[in-house]
Amino acid sequence: MNTMVSHPSWSPQGPDKSEGHFGKALLVGAVLEVALLAGLLWISSAPPPPKPVVKKIIAIHMVHPAPPKPKPIPVPPPPKPVVQPKPIPRPKPIPQPRPVVHHTPAPKPLMAKTPLPTAPVVPPAPPVTPPAPPPPPPAPSMAAKQAALARYAALVRAQVQADAHVPEVVRLMHLSGTAVITFRLTPSGQLLWARITQSSGVGPIDKAALKSVQEGTYPPFTKNMPKHATNFTVEVHLSSHSS
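Draft legend 1. Representation of the overall build of the protein chain within the structure. Looking only at helices and strands, one finds four helices and three strands in the protein chain. The helix and strand sequence of the protein chain, counted from the amino end, reads α-α-α-β-β-α-β. Across the 243 residues that make up the protein chain, the buried fraction comes to 17%. Contacts in the protein chain between residues at least 24 apart in sequence constitute 73% of all its contacts with a sequence separation of at least 6. Surface exposure of the protein chain reaches about 22300 Å², of which carbon and sulfur atoms provide 68%.

Okay, structure coming up:
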């Protein structure tokens, strides 16, 4: 912008009031023009305003993975051609020569011979039967059984009484008593069990009597006695005067 500034003309009569006002107006205009130029320069030199930030929107699409391709099924190889075995040629039979038939003369009849004498035939001996076993002896009678059982019981009773030992306590306390012991024997004389059936009233005497029965050895039953286990009852008498 070009501004034309006109200088006031000078008058010999002195300054005019109208010229003073005009000069002030020109000065104010010059100041405004300078201010306008300074504003334009500042505006042109000022940095441009920042551009607005535009937010970018990123769209994410979920893509499913493609399924794996199926493996190709191998094609089985073609079957091998079956080779037919070559037929084996059969050998031709060799013709056999015919046998030569020789005519043999017929045999002459033999002369009959006289038979030789044969030994006489002895008949077999009759079988020998073994002799019959002797009959079993007759069973013993009831009286014989009772007598044999009584004799065996007396023998056992005497053996138990002889094997009984008087305890030292019985000797010192001058005691005496009779204990009744019942026991069972097998036909071989083996003791099965023994118990006190009647006490003597004295403990040491009962124990000594039972011990004498339990530790005794007994003979087997006789032939007239029963062939099964049998019970026996004995009385064992002990006192301080017994040996």
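Draft legend 2. A look at helix H2 (residues 142–163). Over its 22 residues, H2 runs 31 Å from end to end, which matches the ideal 32 Å to within 8%, given 1.5 Å per residue. Those residues of H2 hidden inside the fold are in contact with strand E1 (176–185), helix H4 (203–214) and strand E3 (230–239).

Draft legend 3. Inspection of a nonpolar patch on the surface at higher detail. On the surface, Leu36, Leu37 and Leu40 cluster together into a nonpolar patch covering about 280 Å² of accessible area. Looking at where Leu40 falls in the secondary structure, it is placed in helix H1 (residues 17–45).

Draft legend 4. Representation of the nonpolar core in the model. The biggest cluster of nonpolar side chains holds 26 residues, and the ones touching the most others in it are Tyr152, Ile181, Phe183, Val213, Tyr218, Phe232 and Val236. At the level of secondary structure, the elements contributing two or more residues to this core comprise H2, E1, H4 and E3. Every residue in contact with Val236, bar those within four places of it in the chain, is listed here: Val160, Gln161, Ala164, Gly177, Thr178, Ala179, Ile181 and Ala209.

Draft legend 5. Region of interest: the environment of Asp163. Along the chain, Asp163 falls in helix H2. A relative accessible area of 33% means that Asp163 is categorised as partly exposed. Measuring from C-alpha to C-alpha, the distance between Asp163 and Ser212 comes to 5.7 Å, with 49 residues separating the pair along the chain. Those residues in contact with Asp163 that sit more than four places away from it in its chain are Ser212 and Gly216.

Draft legend 6. Just the pairing of E1, in detail. By the criterion of burial, E1 is predominantly enclosed, with seven of the 10 residues buried. For E1 and E3, the ladder comprises 10 bridges, and the chain directions are antiparallel. By the bridge assignment for E3, Phe183 is matched with Phe232. Bridge analysis of E1 against strand E2 (residues 191–198) gives six bridges, and the strand direction is antiparallel.

Draft legend 7. Local environment of the side chain of Thr182. Topologically, Thr182 is positioned in strand E1. For Thr182, a relative accessible area of 11% corresponds to the buried category. Looking at Thr182, its side chain comes within polar contact range of the side chain of Thr197, at 3.3 Å. Side chain to side chain, Thr182 and Thr233 meet in a polar contact 3.3 Å long. Every residue in contact with Thr182, bar those within four places of it in the chain, is listed here: Trp193, Ala194, Arg195, Thr197, Phe232 and Thr233.

Draft legend 8. Inspection of the sheet that holds E3 at higher detail. Within the open sheet, the three strands sit side by side as E2-E1-E3. Their pairing is antiparallel. Single-partner strands in this sheet number two, and they are E2 and E3. Neighbour-to-neighbour, the strand axes of the sheet open up by a mean angle of 25 degrees, direction not taken into account. Set on the sheet, H2 makes contact with E1 and E3; between it and E3 the angle comes to about 35 degrees.

Draft legend 9. Spotlight on H4. Compared with an ideal rise of 1.5 Å per residue, which puts 12 residues at 16 Å, H4 spans 17 Å between its outermost C-alpha atoms and is within 8% of the ideal. For H4, the full list of buried residues reads Ile205, Asp206, Ala208, Ala209, Leu210, Ser212 and Val213. Against H2, helix H3 (168–172), E1, E2 and E3 lie the buried residues of H4.

Draft legend 10. Main features of the environment of Ala158. The topology assignment puts Ala158 in helix H2. Sequence-wise, Ala158 and Glu235 are 77 residues apart; in three dimensions their C-alpha atoms are separated by 9.8 Å.

Draft legend 11. A look at the confidence of the model for the protein chain. Mean pLDDT over the protein chain stands at 77; residues scoring 70 or higher make up 69%. Low pLDDT, under 50, characterises residues 1–15; the predicted model gives this stretch five contacts beyond four residues in sequence or across chains.

Draft legend 12. A look at the packing of aromatic side chains. Counted under the stated rule, the structure contains five aromatic pairs. Connected via pairs of aromatic rings, a cluster forms that spans Tyr152, Phe183, Tyr218, Phe221 and Phe232.

Definitions and limits used
Residues numbered from 1 in each chain as written. Predicted model: local features only at pLDDT ≥ 70, side-chain atom pairs only at ≥ 80, totals over all residues. Heavy atoms only, no water. Helix = DSSP H or I, 4+ residues; strand = E, 2+ residues; numbered from the N terminus. Buried < 20%, exposed > 50% of the residue type's maximum accessible area, 1.4 Å probe, protein only. Contact = heavy atoms within 4.5 Å. Areas by Shrake-Rupley, 256 points an atom, 1.4 Å probe, with all protein chains shown as cover. Expected span 1.5 Å × (residues − 1). Patch = residues over 30% accessible without salt bridge, like charges linked within 9 Å, V, L, I, M, F, W, Y side chains within 5 Å. Salt bridge = Lys/Arg side-chain N within 4 Å of Asp/Glu carboxyl O. Core = buried A, V, L, I, M, F, W, Y, C linked by side-chain atoms within 4.5 Å. Pairing = 2+ DSSP bridges. Polar contact = N/O pair within 3.5 Å; in protein donor to acceptor, adjacent residues only side chain to side chain. Axes fitted to C-alpha atoms, helices over the stretch in contact; angles between N-to-C directions. pLDDT = per-residue confidence, 0-100. Phe/Tyr/Trp six-rings, centres within 6.5 Å; stacked < 30°, edge-to-face > 60°.

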